[in-house]
Amino acid sequence: MSSESPSGSAAPGTVASSGSTSPDPYAHGDDHHPYLTQRTLSKSSFAAEQAFVNSMFDQAKARDNAGTGDSTNPTTPRSILMSQRLGLAHADAVLPQLSPRTPAASVDLHTMPPLTLDASESEEDIMGRRLEHELRSMMMRTHVTDQPPELAGMNEGGAELRRIGEALTRCMELRDKYMQTSLQRESDNPRNQSSWKIYPPAPQPAWRNYHEPATGEASVEFSMDDCDVPGADACTFALTEDGVYHVYADSGAEVSNVPTAKEFYVDLNFVLDTISDGPIKTWAFRRLRYLDARWQLYVLLNEREETMQSKMVPHRDLYNVRKVDGHVHLASAMNQKHLLRFIKYKLKTEPDRPVIQRDGRTLTLREVFASLNLTAYDLSIDTLDMHAHKGAYHRFDKFNLKYNPIGESRLREIFMKTDNFIGGEYFAQLTREVAADLEQSKYQMAEYRISIYGRSADEWDRLAAWVVDNKVFSANVRWLIQVPRLYNVYHAGGIVQSFEQVIENLFRPLFEVTRDPQSHPKLHVFLQRVVGFDSVDDESKPERRTHKKYPAPRSWTQDANPPYTYYCYYTMANLCSLNQWRARRGFNTFVFRPHAGEAGDTEHLAAAFLSAQSINHGILLRKVPALQYLYYLQQIGLAMSPLSNNALFLVYERNPFNTYFQRGLNVALSTDDPLQFHFTKEPLMEEYSVAAQIWKYSSVDMCELAMNSVLQSGFEAEVKRHWIGRDYLEAGQTEVHKTNVPLCRLKYRSMTLEQELAVIAKMVSEE
């Protein structure tokens, strides 16, 4: 499970250091595709033009004439090879999917194909195409980069626009500083290097070269004995008075670089001042309105083109593109029917098994249900009462009670906890069943959140033992660690005396296993599948500022809970030193992906802008146009759950998800809590289907959302290359025959983002 195999060989699909090339299970050759021929294209339902059809197969005819082609099988169309071999014929059509994790590409904003008319077209088609051409010409003539900056969104003077541009640029530079220091960029993670070894390995593709069944090896079952556990490192670490762990070389010199709390709060105040500035808010609001109008014009001009390109892609549709549920809590990952069926099965097959201790007695499963005056026959979905109905709206306390089957915390402890009397065995079986459902669907993945509370230092070892001993591994599953913001509860119960103890319980085991993996071997193996950290709790709780200057964690001994920004800083700061050390050792690093903007103060979103790689929810961005514009410019991922918001904080028709998507924010659909909000066996598809019905999404729209979910996810780069494109990380290019997102959609998203960044740059440079 380490970044290098014991023998030093390269990972599958990579080039070994000796120069020999191992077979790439994800590689697609340039052999022939049996499903798309010139005849099927020319007779297809979308009536492709003959010139277009001929151009698709010019390469095949040239090979045949040269004697190098295979006359019995048609050559793979360029629509399939468009991102594998970027030739001059379409180099200007394939543009990068820009994100803060990929380099920006230079884009010619004025490249527009000439109007060509076919004699076979009807007069109505010719007039329609002439109108489209005129609209495109008008759009390019009024392009904002051709205009003076005064017309870019405001009618104010150049000095004011320069001030706005400098403030927004400064905010983006601050975020880049924290992402670079904390190593949260995708290119910084050693797990995304070609030498990284995935164990157990990813399943082999079912097909190679489009028409040859793959002769893949059988799946490998996890074994702890096959895991490589490195030795100790010479560096040491210590928790200092500032509440942050620092790493020191054997000479005593500090090798970690961590921003101070004062620096973070000064930067946070600058961001807050920027997004609350009146002219900046007005300018950002107008730019967002411009993005709305630009999207509507794009759909008007390109809907037919998108449909045509989408139909040309064989095999791929919404069901056959990879989708990642990037925000789902493991304790509620199953639906109610699944949990009910599991409880009934255990009650019938293992009624006399001891499962819990209460009041000095050990109770069997039969005795537990007898104390509730229930039998297996009595149980039903209504009896479980775990769905979040109207009573949970704006009542997060009632929503948390829905995690208890039949309202009984003892049943939650028996069936939905990793650390209980039976060692979390039932919960492990449930998790494996949920993962098996994902594997059966093949194209659905999940990043499950599992809790570490910070109450004791051995929580990490117990969780790792639960995962490893019960073999809760799946190629479709990765993990995030959610940390509830419950210091006030622990302090009131006498579990911790200061906030520093919470930090120590959370991070000390991670620094220990980084220094010497053999001291916590199971934890080292488990961490190979951990993507990052999440911060969870009710954001709507009021946060009263009782300090002009927040005390250090060692001095935070009062009953009050620290504010959201306090949790964000100390999580990010400790990740800085931890990730820097792990990267030097060749171990995978972690990202910070908190819940933010679900409710409460918009200050949470500003803190996440600086400290987090991406966030969950973000519905309050609709109230802060300047911050929403910054999230767009930086393409910060938003894993949104409209059905969850509908039950808790915001009715579905008012959800801003569709507005974010149209404007070009990096949004993806997720489920949050299927146990409380969904009814079907495939809750993620339920999210997609409801969104498509309410907002009239096309297949291309939903495939773009699926592609965004993969880009936001923490799966290894080698796996994501197989899912969305071999050059997605290095060049930002996704492949249409993997994602089913047409070239024109990718070009529009890339061009629009490039334009907005160019506007900001021009505002700053204007004298």
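Shown above is the structure to which this text applies.
Below you will find a few notes about this structure. Bear in mind that the values here come from a model prediction, so they are computed numbers and not experimental data.

What counts and what doesn't
Residues numbered from 1 in each chain as written. Predicted model: local features only at pLDDT ≥ 70, side-chain atom pairs only at ≥ 80, totals over all residues. Heavy atoms only, no water. Phe/Tyr/Trp six-rings, centres within 6.5 Å; stacked < 30°, edge-to-face > 60°. Buried < 20%, exposed > 50% of the residue type's maximum accessible area, 1.4 Å probe, protein only. Lys NZ or Arg CZ within 6 Å of the ring centre and 35° of its normal. Pairing = 2+ DSSP bridges. Helix = DSSP H or I, 4+ residues; strand = E, 2+ residues; numbered from the N terminus. Core = buried A, V, L, I, M, F, W, Y, C linked by side-chain atoms within 4.5 Å. Contact = heavy atoms within 4.5 Å. Expected span 1.5 Å × (residues − 1). Salt bridge = Lys/Arg side-chain N within 4 Å of Asp/Glu carboxyl O. Polar contact = N/O pair within 3.5 Å; in protein donor to acceptor, adjacent residues only side chain to side chain. Right-handed = clockwise from strand over helix to strand, strands pointing away.

## What about the packing of aromatic side chains?
And step 1. Under the counting rule described, the total for this entry stands at 40 aromatic pairs.
And step 2. A centroid spacing of 5.6 Å and a plane angle of 85° characterise the contact between Phe 264 and Tyr 265, whose relative ring orientation is edge-to-face.
And step 3. The exposure class assigned to Tyr 265 is buried, which follows from its relative accessible area of 15%.
And step 4. Here a set of aromatic residues connected by ring pairs shows up, and it is made of Tyr 178, Phe 264, Tyr 265, Tyr 487, Phe 499, Tyr 550, Trp 556, Tyr 566, Tyr 567, Tyr 569 and Tyr 570.
And step 5. One Lys or Arg, Arg 175, reaches over the ring of Phe 609 and ends 5.9 Å from the middle of that ring.
And step 6. Cation over ring: Arg 749 sits above Phe 661, and NZ or CZ is 5.0 Å from the ring centre.

## Some words on the sheet that holds strand β14 (residues 637-640)
The strands making up a sheet associate through hydrogen bonds between their backbones, and the pairing can be parallel or antiparallel.
And step 1. Strand order in the open sheet formed by four strands is β12-β13-β14-β15, with parallel pairing between adjacent strands. Both edges of this open sheet fall to β12 (595-596) and β15 (667-669), since each of them pairs with a single strand only.
And step 2. Bridge count between strand β13 (residues 614-617) and β14: three bridges; the pairing is parallel. The residue of β14 that forms the bridge with Asn 616 is Ala 639.

## A look at the nonpolar core
And step 1. One finds Tyr 448, Trp 466, Trp 479, Ile 481, Phe 526, Leu 627 and Tyr 631 to be the most contacted residues of the largest nonpolar core, which totals 182 residues.
And step 2. When residues in this core are grouped by element, the largest group, twelve residues, is from helix α19 (residues 564-585).
And step 3. Residue contacts for Tyr 448: discarding those within four places in its chain leaves Val 328, Leu 330, Ala 333, Val 434, Leu 438, Val 477, Arg 478, Trp 479 and Leu 480.
And step 4. Residues Phe 399, Ala 599, Leu 648 and Phe 649 belong to the second largest nonpolar core, which totals ten residues.

## A few points about helix α9 (residues 336-349)
And step 1. Helix length check: α9 (14 residues) gives 20 Å between terminal C-alpha atoms against 20 Å at 1.5 Å per residue, within 8%.
And step 2. Looking only at α9, the buried set comprises Gln 336, His 338, Leu 339, Leu 340, Phe 342, Ile 343, Lys 346 and Leu 347.
And step 3. The elements touched by buried residues of α9 are α10 (365-371), α11 (381-384), α13 (409-415), α14 (425-441) and α24 (674-677).

## Some words on the sheet that holds strand β8 (residues 444-451)
And step 1. One open sheet accounts for five strands, arranged β5-β8-β9-β10-β11; its pairing is parallel. At either end of the open sheet lies a strand with only one pairing partner, and these are β5 (323-329) and β11 (591-592).
And step 2. Of the strand pairs in this sheet, strand β10 (residues 530-536) and β11 are connected by two bridges, and their pairing is parallel. Across the sheet, the residue bridging to Gly 532 is Val 591, located in β11.

## Focus on the pattern of salt bridges
And step 1. Counted under the stated rule, the structure contains 32 salt bridges.
And step 2. The residue Arg 449 makes a salt bridge to Asp 534 at a minimum N-O spacing of 2.9 Å. With Arg 449 in strand β8 and Asp 534 in strand β10, this residue pair connects regions lying 85 residues apart in the sequence.
And step 3. Under the relative-accessibility criterion, Arg 449 is labelled buried at 1%.
And step 4. A relative accessible area of 1% means that Asp 534 is categorised as buried.
And step 5. We note a salt bridge from Lys 541 to Asp 537, for which the minimum N-O separation is 3.1 Å.
And step 6. Its relative accessible area of 40% is what places Lys 541 among the partly exposed residues.
And step 7. The class of Asp 537 is buried, set by a relative accessible area of 14%.
And step 8. Via salt bridges that share partners, Glu 306, Asp 701, Glu 704, Arg 745 and Arg 749 belong to a single interconnected network.

## Focus on the environment of Tyr 199
And step 1. Structurally, the position occupied by Tyr 199 is in the loop between α6 (158-182) and β1 (207-208).
And step 2. It is 8.8 Å that separates the C-alpha atoms of Tyr 199 and Asp 226, two residues lying 27 residues apart in sequence.
And step 3. One polar contact links the side chain of Tyr 199 to the main-chain amide nitrogen of Ser 223, over a distance of 2.9 Å.
And step 4. Among the polar contacts made by the side chain of Tyr 199, one reaches the side chain of Asp 226 at a distance of 3.3 Å.

## Observations regarding the side chain of His 329
And step 1. Inspection of the secondary structure assignment puts His 329 in strand β5.
And step 2. Residue classification places His 329 among the buried positions, given a relative accessible area of 8%.
And step 3. Within the structure, His 329 has its side chain in polar contact with the side chain of Gln 482 (distance 2.6 Å).
And step 4. Excluding residues within four positions of it along the chain, His 329 makes contact with Tyr 403, Arg 449, Gln 482, Val 536, His 595, Asp 672 and Asp 673.

## Here's the deal with the environment of Thr 739
And step 1. You can see Thr 739 is positioned in helix α28 (residues 736-739).
And step 2. Thr 739 gets classed as buried once you look at its relative accessible area, which sits at 3%.
And step 3. In the structure, Thr 739 is positioned 29 residues away from Val 710 in sequence and 9.9 Å away in space, judged by C-alpha atoms.
And step 4. Not counting chain neighbours up to four residues away, the residues in contact with Thr 739 comprise Val 321, Cys 703, Met 707, Trp 723, Ile 724 and Thr 734.

## Structural notes on the side chain of Asn 645
And step 1. Locating Asn 645 in the fold gives a position in helix α22 (residues 642-648).
And step 2. Using a relative accessible area of 0% as the deciding quantity, one classes Asn 645 as buried.
And step 3. If sequence neighbours within four positions are ignored, Asn 645 has contacts with Glu 598, His 617, Ile 619, Leu 650 and Asn 655.

## Digging into the environment of Asn 708
And step 1. The topology assignment puts Asn 708 in helix α26 (residues 699-712).
And step 2. By relative accessible area, Asn 708 is classed as buried at 4%.
And step 3. Residues Asn 708 and Leu 638, spaced 70 residues apart in sequence, show a C-alpha to C-alpha distance of 9.4 Å.

## Quick notes on the pairing of β8
And step 1. Within β8, seven of the eight residues are buried, leaving the element largely enclosed by the surrounding structure.
And step 2. Relative to β8, β5 is paired through five bridges, and the arrangement is parallel. The residue bridging Val 328 from the neighbouring strand is Tyr 448, located in β8.
And step 3. Here six bridges tie β8 to strand β9 (residues 477-484), and the two strands are oriented parallel to one another. Pairing of Ser 451 across the sheet is with Gln 482, part of β9.
And step 4. In this region the chain leaves β8, passes through helix α15 (residues 459-469) and returns to the parallel neighbour β9; the handedness of that crossover is right-handed.

## Quick notes on unusual backbone geometry
And step 1. In this structure, Pro 200 follows Tyr 199 across a cis peptide bond, with omega equal to -10°.
And step 2. On the secondary structure map, Pro 200 appears in the loop between α6 and β1.
And step 3. Of note, Lys 442 is a non-glycine position whose phi angle comes to about 70°, a positive value.
And step 4. Within the secondary structure layout, Lys 442 lies in the loop between α14 and β8.
And step 5. The backbone phi angle of Lys 696 is positive, close to 55°, even though this residue is not glycine.
And step 6. Relative to the helices and strands, Lys 696 is located in the loop between α25 (683-695) and α26.
And step 7. Classification of Lys 696 by relative accessible area gives exposed; the value is 66%.

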